[in-house]
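Read off the chains here:
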Protein chains: 4
Amino acid sequence: MGRMRRLNIAVVGGGRIGIMHAQLVAQSPQAMLAGVVIRSGNRAALAQAGLYDVPLFDDMDAAMKKADAVLIATSSDAHVGLIRRAAAAGKHILCEKPVAFEAQPITALRAITDASGVIIQVGFNRRFDTDFLRLRDMLRAQVLGRLHMIHIINRDPKRPPLKFIPRSGGMFMDFNVHDFDMLTMLTGDRIAQVYAHGANLVDAEIGRLGDIDTATISIRMHSGTLASVLCSRETNCGYDQRIEVWGEKGALRVDNRLPHGVISDSAMGSLHANPLPDFIARYRDSYQRQLQEFLTAVRDNKPPSVGLREAADAVHAAQAAKQSMEENRPITVTPIASR
Amino acid sequence: MGRMRRLNIAVVGGGRIGIMHAQLVAQSPQAMLAGVVIRSGNRAALAQAGLYDVPLFDDMDAAMKKADAVLIATSSDAHVGLIRRAAAAGKHILCEKPVAFEAQPITALRAITDASGVIIQVGFNRRFDTDFLRLRDMLRAQVLGRLHMIHIINRDPKRPPLKFIPRSGGMFMDFNVHDFDMLTMLTGDRIAQVYAHGANLVDAEIGRLGDIDTATISIRMHSGTLASVLCSRETNCGYDQRIEVWGEKGALRVDNRLPHGVISDSAMGSLHANPLPDFIARYRDSYQRQLQEFLTAVRDNKPPSVGLREAADAVHAAQAAKQSMEENRPITVTPIASR
Amino acid sequence: MGRMRRLNIAVVGGGRIGIMHAQLVAQSPQAMLAGVVIRSGNRAALAQAGLYDVPLFDDMDAAMKKADAVLIATSSDAHVGLIRRAAAAGKHILCEKPVAFEAQPITALRAITDASGVIIQVGFNRRFDTDFLRLRDMLRAQVLGRLHMIHIINRDPKRPPLKFIPRSGGMFMDFNVHDFDMLTMLTGDRIAQVYAHGANLVDAEIGRLGDIDTATISIRMHSGTLASVLCSRETNCGYDQRIEVWGEKGALRVDNRLPHGVISDSAMGSLHANPLPDFIARYRDSYQRQLQEFLTAVRDNKPPSVGLREAADAVHAAQAAKQSMEENRPITVTPIASR
Amino acid sequence: MGRMRRLNIAVVGGGRIGIMHAQLVAQSPQAMLAGVVIRSGNRAALAQAGLYDVPLFDDMDAAMKKADAVLIATSSDAHVGLIRRAAAAGKHILCEKPVAFEAQPITALRAITDASGVIIQVGFNRRFDTDFLRLRDMLRAQVLGRLHMIHIINRDPKRPPLKFIPRSGGMFMDFNVHDFDMLTMLTGDRIAQVYAHGANLVDAEIGRLGDIDTATISIRMHSGTLASVLCSRETNCGYDQRIEVWGEKGALRVDNRLPHGVISDSAMGSLHANPLPDFIARYRDSYQRQLQEFLTAVRDNKPPSVGLREAADAVHAAQAAKQSMEENRPITVTPIASR
């Protein structure tokens, strides 16, 4: 690969994910970190993350003056507004998921970004995990023949901070939106029906804030393949991220990745490592690969593999899951009209 | 344990399961195989299974004259009638699951067997698997604290013969009845709601016979714990029998048992054994332990741990699963009145 | 397989291994337990093992009057004398390993047993383990191409009772004799040179009795293939029995067998079962298969796959290991003259 | 950690390892790549590795003018001379292993580098692998109590190019020198005796060049703990790097790291990934951590954890292994006088 001019990227949002993105931009040989839009209270965390001499901004507008592109990693409820402003300013956009809590505004954004000519990519980072890519490629190569079942386990190691809950969109929107997107990405198929059963078992405070922390989601794909998502906000034993696909010729499984390979044998048994501790440890490489795709899309002026259309699909399914839970019945996921 | 008089047991049914039971009875130091009620066409299979000089009968009545107890392993639709006849003859009964395809007739049998004073045990053999017993004991000991999720994978290696389908009661009744029983046995909890989604993906002939071969079942227990059962009639890569339980302190998992421990490393990868090939290989020991419980129950004249009440519960849930699938909505599983 | 007359077998020796053999004979449909030659002090253990109404003898001569064959499971130093007496009485013989502590007397026994016409099989039970047989068959099928290395880990869970040490022949003779035999059985090759380094690290009392409890054994086979045996008398975490074979095309590994498949995940890590607790749990099936081979050899009047010749080879290598340790130099293992 | 002035490092040697080191220096926020001393024929590889605009030198003297330190990654037989020149020029030194093929010249270098005041670190990169560090820390914490056995498997995926063999020092010196160092690093113990058996089984050409490609090494440590190293130049199924330590309370095992977590189940079995493909994939992180230690040692002007003394120890053991093989007898490893 030849060299290209470094793309100046401003990271918007200085929370845990924003700082991780800022690190990745700073380390990329093809990008420059034009600055971070961050609240003054979070700035110490930047230095702790090894980010010195980074221009800091209170507002995205100031940052955009120095940047070719913005990487939006604020709380989700701010995404739509920021995308509008960035598109208006002609800046390329890499925006964290979910773009919005409903499919309609995402569809509306498509018209705006199409008109502006900017590249917009949505941060479904798991699409760039090498294990999931390997799985997808094997499925495309028909290793399993006809697919019977896709089975996703998606479990966080620790419940999120309570202050995060009210602006998260709820667990289906914030967390399982990854799973809905993964089902589509892995199979090329579309979600046809969702039945979701949520419960509040981990922390009663989460329930008091109107959210759930544990769920089973039973899905039918358009092709007839079944799918299941089992989800929890807290394992207390590592970040549990597994996918199995069963088909007529056998199965493919993506097992957890471990932080170390030391096994301790004692009278008690044989003790292996828990899975990696959190999403940053598990998916750092996929975030890096996601950034690389964005840089390439901008350089080549081509749409990235995951944009607003895919974002709308995933959010549409998350909405259906929420409705299913609230009405305790399966919900048909109708195709989005604008396709 | 001291010695006891051997119990004379007649095995009713000469199919694959009946012959396995006859072997186990013949090998037990505490039982005698009084005979096998078997169609003439199946008799060669007995000798192939190493069972020589076994008295053969065309009808259970003749066999019962020689026996203290009957082990009923016919097709499921004959169970209720045979239990009635055995109870009337004062014979103890070990009957394969499911006892019937509806809960009501099972409840009705309870009055009959209670009145007759015979011991009746129902063949939920998985309850006697040492791994599942270990899991149950750990759950009882509160190793996990509050339970969040029980997750069962129940997959057959090969689709059953088509002739078996029409008299099986359907996949939920024939196959998943084990899973419904296991949820109760492991937790001491009861099933409160079932949503089942079935599909016909393995073999279109199964569909033409009105049955399914693939399913997701989403369950809520009375305590609020969620459960999931994923099921298939054909893996093509061994008998896949896994259970995971997640709770506030971590998780317990029962992994598949392998037929051998040879690993083959080559340029292609590291090839491990598939799971055991079928239910007889996987559960032979639990069938043996089940028989032992029956012998002890008869000897001590005490009810076994799994009788008609537990059978009715499991069948009740299987009925609800079928109704849920047919009506595409979750079904509340109401308590059985006669309890 | 058709039925054959049951062979009357007297078990000689009432220790732990003798009782296990008596159980296996009693359970075999093709054998009858003619009695057990046992010290009066050990007789309670027979009943505890479920062996009732078994004829008990103080001496092998009395037992042989009731038997077609003897199964010798006394302490090793008595084996040669008992074999001579049994052969003189015309009884078939299944004798535990090692037959003697030197190769010469074993060779001498060959003339005697050949002349008497009795079948004699030596108890290298590991030859009948299905995992090792699978490994052997794959090696014979040239799965690995040219062999580079055979690597055996042979570790006992707990040091033996001290009273056992003085009559055991020493660790190489008592324990590693299995490994020397296995190298030959797996490859069809012969041991050419042995360098053994022993140490007394587990229990100083074992050292005071003149034995070792830990060893590395470095071996060259006649073909040039290298081999390594790592050995310990005490793991404190289960019975560790692994074999790896490396060759030009890859590797084959036999991993430990586990007593259960329950995995416990907690903040501490993921706890798996230790290997099976002892040799009886690990090799019970191979002892049973060994008995079956003996019964078949007697029935067909054909030599079993493992007789005095193989026993002499293994003992010859164990002697070389002991000499190597004592002289701290590699010892060439010369072919046994009488072959 | 605060920021420090970047250290200018010239990498000497433009082979595969030299280029990897150059990448790591270029990526370090605390170092600057002052240049690479590289033969003109290898320069294309630098650009392929993403290293552009790097000053290139024909000779170390020119490079040293621009550098504070040199990282020596030439063929091993050039190491001593380059270290002398760098020390004379007052440059800090990070030198690949082995420093020399005999202990004596390494000991002689100590006087020179001590006098010059430069920091010298030797490239035993495995010391910086997080799994091995975890193992060492657990051993230091007495998790196992008394140590019985250390068991290292060290196997390359593919034989080295034949042109590499003559200048490598031989397999014990080039490859197993890591294992000898690891035994010391893990235990804090010293090697007392070595018996090595080498063979030429992988490639006859390697034998014709006077080297071996397969070996067993049987070791006694000063404390009495035994050790075993099993080694091969070619697995054909990944880079096999395992260590087990056995002690009175159990065992610790470092298992291989896998390149991916996808498991493929089919009728053939369950196919897992082979270990990582080569030493760069397996140890890239440890090379990075090694560089970090060097940078810190220079900054703080303190000796690194692994210098010429440790290098002499490991080379001393490798010499003993070679002598053992040539004379087919165990060799006592006497302490190095100058300590």
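Quick look at the structure, then.

### Considering the overall build of chain A
At step 1: For chain A, the count of helices and strands is 10 helices and 15 strands.
At step 2: Its C-alpha atoms give chain A a radius of gyration of 20 Å, within 12% of the compact-globule value 20 Å for 339 residues.
At step 3: Taken along the three principal axes of its C-alpha coordinates, chain A extends 55 × 55 × 50 Å.
At step 4: Among the 339 residues that make up chain A, the fraction classed as buried is 61%.
At step 5: When contacts within chain A are restricted to residue pairs at least 6 apart in sequence, long-range pairs at least 24 apart make up 71% of them.

### What to know about the relation of the copies chain C and chain D
What relates the two chain copies is a rotation about an axis together with a slide along it.
At step 1: Its rotation angle being 180°, the transformation that places chain C on chain D also includes 0.0 Å of axial translation and leaves an RMSD of 0.0 Å. The relationship between the two copies is best expressed as a two-fold rotation axis. Closest approach to the rotation axis among the C-alpha atoms of chain C is made by Arg329(C), whose C-alpha sits 2.8 Å away.
At step 2: Looking at the interface residues of chain C, 100% of them are also at the interface in chain D, so both copies use one shared face.

### Points about the pattern of salt bridges
At step 1: Using the criterion set out here, one finds 96 salt bridges over all chains in the structure.
At step 2: Asp129(B) is the salt-bridge partner of Arg282(B), the closest N and O atoms lying 2.7 Å from each other. Residue Arg282(B) is found in helix H9 (residues 279-300), and its partner Asp129(B) is found in the loop between strand E6 (120-123) and helix H6 (130-140); the two are separated by 153 residues along the sequence.
At step 3: We classify Arg282(B) as buried; its relative accessible area is 7%.
At step 4: Close ionic contact of Arg329(D) with Glu327(D) constitutes a salt bridge, the shortest N to O distance being 2.7 Å.
At step 5: The class for Arg329(D) is partly exposed, based on a relative accessible area of 38%.
At step 6: You can call Glu327(D) partly exposed: its relative accessible area is 40%.

### Examining the interface of chain C and chain D
At step 1: Contacts between chain C and chain D engage 41 residues on the former and 41 residues on the latter.
At step 2: For the pair chain C and chain D, the summed buried surface comes to about 3000 Å²; carbon and sulfur atoms form 59% of the total.
At step 3: It is His148(C), Leu201(C) and Trp246(C) in chain C that bury the most area against chain D; as a group they hold 20% of the surface buried on that side.
At step 4: Inspection of the region where chain C meets chain D yields 2 salt bridges.
At step 5: A salt bridge links Glu244(C) to Arg242(D); the shortest N-O distance between them is 2.6 Å.
At step 6: One can count 13 residue pairs in polar contact (both at pLDDT 80 or more) joining chain C with chain D.

### Quick look at the environment of Ile212(B)
All names here are of chain B.
At step 1: The topology assignment puts Ile212 in the loop between helix H8 (204-208) and strand E9 (214-221).
At step 2: Take Ile212: its relative accessible area is 9%, and that puts it in the buried class.
At step 3: Residues Ile212 and Leu201, 11 residues apart in the sequence, show an inter-C-alpha distance of 7.9 Å.
At step 4: Once residues lying within four places of it in the same chain are set aside, the contact partners of Ile212 are Met171, Phe172, Gly198, Ala199, Ile206 and Met325.

### A short note on the pairing of strand E5 (residues 92-96) of chain C
All names here are of chain C.
At step 1: In terms of residue burial, E5 counts as a mostly covered element, since 5 of its 5 residues are buried.
At step 2: Side chains His92, Leu94 and Glu96 project from E5 onto one buried face, and the interleaved Ile93 and Cys95 project onto a second face that is buried too.
At step 3: Examined bridge by bridge, strand E4 (residues 69-72) and E5 share 4 bridges and lie parallel to one another. Bridge pairing in E5 links Val70 to Ile93.
At step 4: Handedness of the crossover joining E4 and E5 through helix H4 (residues 79-88): right-handed.
At step 5: In this structure, E5 lies alongside strand E6 (residues 120-123), joined through 4 bridges in parallel fashion. If you follow Glu96 over to E6, its bridge partner there is Gly123.
At step 6: With helix H5 (residues 103-116) bridging E5 and its parallel neighbour E6, the resulting β-α-β unit is right-handed.

### Overview of the pairing of strand E8 (residues 191-199) of chain A
Regular strands place their side chains on alternate faces of the sheet.
Residues and elements named next belong to chain A.
At step 1: Within E8, 9 of the 9 residues are buried, which leaves the element mostly enclosed by the surrounding structure.
At step 2: Taken together, the 8 bridges between E8 and strand E9 (residues 214-221) define a ladder with antiparallel strand orientation. Looking at the pairing, His197 lines up with Thr216 of E9.
At step 3: Of the pairings in the sheet, the one linking E8 to strand E15 (residues 331-332) comprises 2 bridges and is antiparallel in character. Note that in E15 the partner of Gln193 across the bridge is Thr332.

### With respect to the sheet that holds strand E2 (residues 31-37) of chain D
Residues and elements named next belong to chain D.
At step 1: Strand order in the open sheet formed by 6 strands is E3-E2-E1-E4-E5-E6, with parallel pairing between adjacent strands. Of all strands in the sheet, those with a lone pairing partner are strand E3 (56-57) and strand E6 (120-123), marking the two edges.
At step 2: Relative to strand E4 (residues 69-72), strand E1 (residues 7-12) runs parallel, the two being bridged by 4 bridges. Within E4, the position partnered with Ile9 by the bridge is Ala69.

### Notes on the sheet that holds strand E5 (residues 92-96) of chain B
All names here are of chain B.
At step 1: Ordered by their spatial adjacency, 6 strands build an open sheet running E3-E2-E1-E4-E5-E6, and the pairing between neighbours is parallel. Of all strands in the sheet, those bounded by a partner on one side alone are strand E3 (56-57) and E6.
At step 2: In the packing of helix H1 (residues 16-27) onto the sheet, contacts are made with strand E1 (7-12), strand E2 (31-37), strand E4 (69-72) and E5, and the angle to E2 comes to roughly 155°.
At step 3: In the packing of helix H4 (residues 79-88) onto the sheet, contacts are made with E1, E4, E5 and E6, and the angle to E5 comes to roughly 170°.

### Overview of the environment of Arg5(A)
Residue and element names in this part refer to chain A.
At step 1: Positionally, Arg5 belongs in the segment before strand E1 (7-12).
At step 2: Along the sequence, Arg5 and Thr216 sit 211 residues apart, while their C-alpha atoms lie 47 Å from each other.
At step 3: In this view, Arg5 contacts Gln30 and Asp68; residues no more than four positions away in its chain are not counted.
At step 4: At a separation of 3.4 Å, a polar atom in the side chain of Arg5 contacts the side chain of Asp68.

### Digging into unusual backbone geometry
At step 1: The omega torsion of the bond from Lys97(A) to Pro98(A) falls at -20°, within 30 degrees of zero and hence cis.
At step 2: For Pro98(A), the position within the fold is in the loop between strand E5 (92-96) and helix H5 (103-116).
At step 3: In this structure, Asn301(A) is a non-glycine residue whose phi angle is positive, near 50°.
At step 4: Topologically, Asn301(A) is positioned in the loop between helix H9 (279-300) and helix H10 (308-327).
At step 5: Phi angles above zero are rare outside glycine, and Asn328(D) is one such case at about 45°.
At step 6: Tracing the sequence through the fold places Asn328(D) in the loop between helix H10 (308-327) and strand E15 (331-332).
At step 7: Residue Asn328(D) is classed as partly exposed on the basis of its relative accessible area, which comes to 30%.

Cut-offs applied
- Residues numbered from 1 in each chain as written.
- Chains lettered and ligands numbered in written order.
- Predicted model: local features only at pLDDT ≥ 70, side-chain atom pairs only at ≥ 80, totals over all residues.
- Heavy atoms only, no water.
- Helix = DSSP H or I, 4+ residues; strand = E, 2+ residues; numbered from the N terminus.
- Rg over C-alpha atoms; globule rule 2.2 N^0.38 Å.
- Buried < 20%, exposed > 50% of the residue type's maximum accessible area, 1.4 Å probe, protein only.
- Contact = heavy atoms within 4.5 Å.
- Least-squares fit on C-alpha atoms with pLDDT ≥ 70 in both.
- Salt bridge = Lys/Arg side-chain N within 4 Å of Asp/Glu carboxyl O.
- Buried area = accessible area lost by both parts, 1.4 Å probe.
- Polar contact = N/O pair within 3.5 Å; in protein donor to acceptor, adjacent residues only side chain to side chain.
- Pairing = 2+ DSSP bridges.
- Right-handed = clockwise from strand over helix to strand, strands pointing away.
- Axes fitted to C-alpha atoms, helices over the stretch in contact; angles between N-to-C directions.

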